[in-house]
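Commentary on secondary and tertiary structure
Here is what each chain is made of, one letter per residue.
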Number of protein chains: 2
Amino acid sequence: MVGVVLNIDEGKREVASVKEIIDLTAADMARVNKLILSKAGSDVEMIPEVANHLISSGGKRLRPMLTLAAAQMFGYSGEDHIKLATSVEFMHTATLLHDDVVDESDLRRGRKTARMIWGNQASVLVGDFLLGQAFRLMVDVGSLDALDILSTAASIIAEGEVMQLAAAKNLETTEDEHFAVIKAKTAALFSAAAEVGPVIAGASKPARAALRSYGMNLGLAFQLIDDALDYGGDSKDLGKNVGDDFREGKVTLPVILAYRRGTAAEREFWKDAIEANNADDAGLEKAIGLMTRHGAIADTIGRARHFGEIARDALAPLDATPQKDALIDVIDFCISRVV
Amino acid sequence: MVGVVLNIDEGKREVASVKEIIDLTAADMARVNKLILSKAGSDVEMIPEVANHLISSGGKRLRPMLTLAAAQMFGYSGEDHIKLATSVEFMHTATLLHDDVVDESDLRRGRKTARMIWGNQASVLVGDFLLGQAFRLMVDVGSLDALDILSTAASIIAEGEVMQLAAAKNLETTEDEHFAVIKAKTAALFSAAAEVGPVIAGASKPARAALRSYGMNLGLAFQLIDDALDYGGDSKDLGKNVGDDFREGKVTLPVILAYRRGTAAEREFWKDAIEANNADDAGLEKAIGLMTRHGAIADTIGRARHFGEIARDALAPLDATPQKDALIDVIDFCISRVV
């Protein structure tokens with residue numbers, strides 16, 4: 001078993017944890033979960049079957065929690081945050097269903113992907129259905145600002161996925177280009193999820209901007225840590241196998257850094273592994289060795305910490321609230337996943 | 001070359017034609033076409049490439065024309081019908097991109113499908129992007145009623161596609177079940193496209209209901225004729241090959257009727273062709289022979305005419321306008337495609 005364990009968390013709290021945000025949003029999340037089940041329902045049996053397979057697979061539901069906490073933070077007392085949080089989770093679920101088809105993935109959160117059980121066709125179409133339901137929930141809320149934020153995110157996410165597809169297996173991808181991809185495909189939804197909270201709470205423009213920036217930078221940190229974990233986590237915790245990205249030939253930041261910093265001979269190894277897709281277990285071990293030698297994983301985590309700090313400072317001007325503390329804990333938690 | 005030519009059009013006008021709706025909407029459509037190109041654009045090159053391949057392939061753009069004519073009909077004088085018509089066409093295009101992946105189609109409108117050129121992955125993701133852009137355009141218009149109608153249609157279309165997938169190759173599908181599928185997967189968008197016209201024009205509830213019903217019944221007629229054409233049209237006009245549905249084992253109404261009315265031996269033929277997918281050219285010729293013997297194609301066209309008549313009567317109470325005449329012509333045109 002190859003693995004890299006790095007302790008890079010320097011958070012102020014003793015144990016960075018999502019416990020606080022979970023506690024604060026528990027009552028609301030119970031209602032979100034109910035709404036998820038109800039709105040993923042359909043007389044067409046295959047729809048709830050496919051949807052529930054993924055929905056019940058134990059995702060953290062971090063994104064809807066962001067929406068709920070961000071709405072609470074500004075004293076929101078209505079019902080619409082439940083609908084918007086559900087909508088955000090549906091957008092995420094739809095993306096995952098389509099991602100698995102695009103990446104030809106077999107496993108997701110430690111379980112067979114929907115496409116392995118029901119086929120690519122069902123995954124594409126049920127994803128479309130959930131996206132449609134997400135929009136209906138937003139329309140039901142009736143906030144044009146929230147609709148604008150979330151529909152823009154939907155386009156940007158798809159744009160990011162296409163960007164990623166177009167850059168697939170391209171080891172010459174620059175770090176800036178890579179950040180543009182993960183900003184679109186991952187961070188845009190975190191950002192939208194966080195921003196719609198203050199929006200429906202009728203909070204000020206600076207408050208909206210703060211939550212938008214928090215979400216965006218948290219999303220970047222989250223994705224970078226996810227990419228680092230793929231070369232050094234524990235597959236049980238991950239719900240995916242260490243080395244999945246390597247085997248699929250994905251050009252993530254640890255690969256980009258190791259490739260750029262490598263010798264000519266090392267670059268040949270990367271080309272063979274990623275571009276020609278000769279990525280076996282021995283290759284994975286060698287890849288992790290090269291990454292360690294060049295500090296590629298540690299520096300990926302360093303980049304994540306950089307974005308995490310920006311996320312924290314985005315919230316700095318806001319009044320102290322339990323929600324603010326909880327959102328800061330989420331940053332530390334995301335980064336400490338590599339511990 | 002096998003083929004069935006049936007003249008069943010009994011429309012009052014000498015030549016049923018879409019000329020009138022094309023003329024009435026020409027100026028608006030020029031703006032829609034411009035907006036389509038602009039909103040299908042992206043810095044991610046692959047997106048306009050894939051999108052324009054399908055967009056430029058000469059679809060009739062009937063759906064956006066319905067929106068424009070329906071808005072004009074009630075004296076609408078703003079700009080929003082351009083955006084909504086574009087949105088409708090994007091929803092349609094997104095569906096086509098995903099459909100081709102689901103059906104594993106090689107040809108669409110006489111050209112290679114996007115998935116054959118850029119792969120399934122690009123088709124899924126560019127479809128998602130166009131759907132996102134469709135929603136952004138609707139949000140830009142800012143009519144919650146129009147948003148409600150179109151987002152509901154998006155869910156229903158996906159639901160219809162899943163229904164069709166679940167019923168795939170099931171020869172026991174009843175006619176009612178089949179109508180439920182085509183109502184969702186095809187007619188719902190025609191209905192939404194027509195209804196948002198009076199909605200943004202601020203027309204009365206009965207006017208909205210009239211256009212909704214017109215669109216729904218027109219959509220049903222349109223799909224049934226399309227299915228009949230697959231067993232008796234000319235592939236140049238169709239932009240698809242006669243027998244595509246047969247070769248793909250699709251259970252459309254001509255098949256359902258021929259199967260239900262057939263002898264035990266004939267049912268064995270259908271099971272072998274559709275369920276076991278032994279559908280070659282000789283099989284296609286035999287299939288058309290059986291359909292002709294049992295009046296399956298003629299009766300499919302008869303069912304289409306039934307829905308066409310309901311569509312016509314839906315508009316009956318409305319004041320006489322050039323737009324009303326043009327919309328009625330569209331019904332006759334759809335049905336006369338089999339002539």
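Residues numbered from 1 in each chain as written. Chains lettered and ligands numbered in written order. Predicted model: local features only at pLDDT ≥ 70, side-chain atom pairs only at ≥ 80, totals over all residues. Heavy atoms only, no water.

As annotated in an unreviewed UniProt entry, chain A carries the name Octaprenyl diphosphate synthase and comes from Pseudaminobacter salicylatoxidans. Under the Cofactor (unreviewed entry) heading, UniProt states for chain A: "Mg(2+)". You can read under Sequence similarities (unreviewed entry) in the UniProt record for chain A the words "Belongs to the FPP/GGPP synthase family." (UniProt positions renumbered as here; feature names shortened; annotations may be inferred.)

Residue and element names in this part refer to chain A. Contact geometry for helix 7 (residues 175-200) and helix 8 (residues 205-229): axes closest at 7 Å, N-to-C directions at 140°. Taken together, the axes of helix 7 and helix 8 are oblique relative to one another. In this structure, helix 7 crosses over helix 8, and the sense of that crossing is right-handed. For the contact of helix 7 with helix 8, the class distribution of residues is 16 nonpolar, 6 polar and 6 charged. (Axes fitted to C-alpha atoms, helices over the stretch in contact; angles between N-to-C directions. Helix = DSSP H or I, 4+ residues; strand = E, 2+ residues; numbered from the N terminus. Parallel < 35°, antiparallel > 145°, perpendicular 65-115°, else oblique. Left-handed = near helix turned anticlockwise from the far one by under 90°. Nonpolar A, V, L, I, M, F, W, Y, C, P; charged D, E, K, R; others polar.)

The next subject is the interface of chain A and chain B. Accessible area lost upon the coming together of the parts is a frequently used measure of interface size. At the interface, 35 residues of chain A touch 35 residues of chain B. Between chain A and chain B, a total of about 3,300 Å² is buried, with carbon and sulfur atoms accounting for 77% of that surface. On inspection of chain A and its partner chain B, the count reaches 0 salt bridges. Inspection of the chain A/chain B interface yields 12 residue pairs in polar contact (both at pLDDT 80 or more). Mapped onto the side of chain A that touches chain B, the elements with two or more residues apiece are helix 2 (46-55), helix 4 (80-103), helix 5 (114-141) and helix 6 (144-166) of chain A. Take the side of chain A that touches chain B: its biggest share by element is 14 residues, from helix 6 of chain A. In terms of residue class, the side of chain A that touches chain B is built from 20 nonpolar, 9 polar and 6 charged. (Contact = heavy atoms within 4.5 Å. Buried area = accessible area lost by both parts, 1.4 Å probe. Salt bridge = Lys/Arg side-chain N within 4 Å of Asp/Glu carboxyl O. Polar contact = N/O pair within 3.5 Å; in protein donor to acceptor, adjacent residues only side chain to side chain.)

In terms of nonpolar packing, the biggest core is built from 230 residues, with A:Tyr214, A:Trp270, B:Tyr214 and B:Trp270 touching the most fellow members. Those residues in contact with B:Tyr214 that sit more than four places away from it in its chain are B:Leu66, B:Ala194, B:Ala311, B:Ala314, B:Leu315, B:Leu327, B:Val330 and B:Ile331. (Core = buried A, V, L, I, M, F, W, Y, C linked by side-chain atoms within 4.5 Å. Buried < 20%, exposed > 50% of the residue type's maximum accessible area, 1.4 Å probe, protein only.)

Looking now at the pattern of salt bridges. When their charged atoms lie close together, side chains carrying opposite charge are able to pair. Counted by the stated rule, this structure contains 38 salt bridges over all chains. Ionic pairing is found between B:Glu195 and B:Arg208, a salt bridge with its closest N-O pair at 3.2 Å. Of this pair, B:Glu195 sits in helix 7 (residues 175-200) while B:Arg208 is found in helix 8 (residues 205-229), placing the two residues 13 residues apart along the sequence. A salt bridge links B:Lys250 to B:Asp245, with the shortest nitrogen-to-oxygen separation between them at 3.9 Å. The class for B:Asp245 is buried, based on a relative accessible area of 4%. A network of salt bridges, in which partner residues are shared, links A:Asp103, A:Asp245, A:Glu248 and A:Lys250.

The operation relating chain A to chain B is a screw motion whose rotation component is 180°, with 0.0 Å of axial translation and a residual RMSD of 0.0 Å. Each copy turns onto its partner about a two-fold axis. Closest approach to the rotation axis among the C-alpha atoms of chain A is made by A:Val124, whose C-alpha sits 3.7 Å away. Most of the interface of chain A is mirrored in chain B: 100% of its interface residues are interface residues there too. (Least-squares fit on C-alpha atoms with pLDDT ≥ 70 in both.)

A word on helix 2 of chain A. For helix 2 of chain A, a buried count of 8 out of 10 residues is recorded, marking the element as mostly surrounded by other parts of the structure. Within helix 2 of chain A the residues assigned to the buried category are A:Met46, A:Ile47, A:Pro48, A:Val50, A:Ala51, A:His53, A:Leu54 and A:Ile55. Against helix 1 (19-39), helix 4, strand 1 (107-108), strand 2 (111-112) and helix 5 of chain A together with helix 6 (144-166) of chain B lie the buried residues of helix 2 of chain A.

Another aspect to go through is the side chain of B:Asp100. Locating B:Asp100 in the fold gives a position in helix 4 (residues 80-103). Excluding its chain neighbours within four sequence positions, the residues that come into contact with B:Asp100 are B:Ser105, B:Arg108, B:Thr113 and B:Arg115.

Let's shift gears to the environment of A:Ala146. Residue and element names in this part refer to chain A. By the element assignment, Ala146 lies in helix 6. When its relative accessible area of 1% is taken as the criterion, Ala146 is described as buried. Along the chain, Ala146 and Ile200 lie 54 residues apart, while their C-alpha atoms are 7.3 Å from each other. When sequence neighbours within four positions are dropped, the list of residues in contact with Ala146 reads Leu84, Val196 and Val199.

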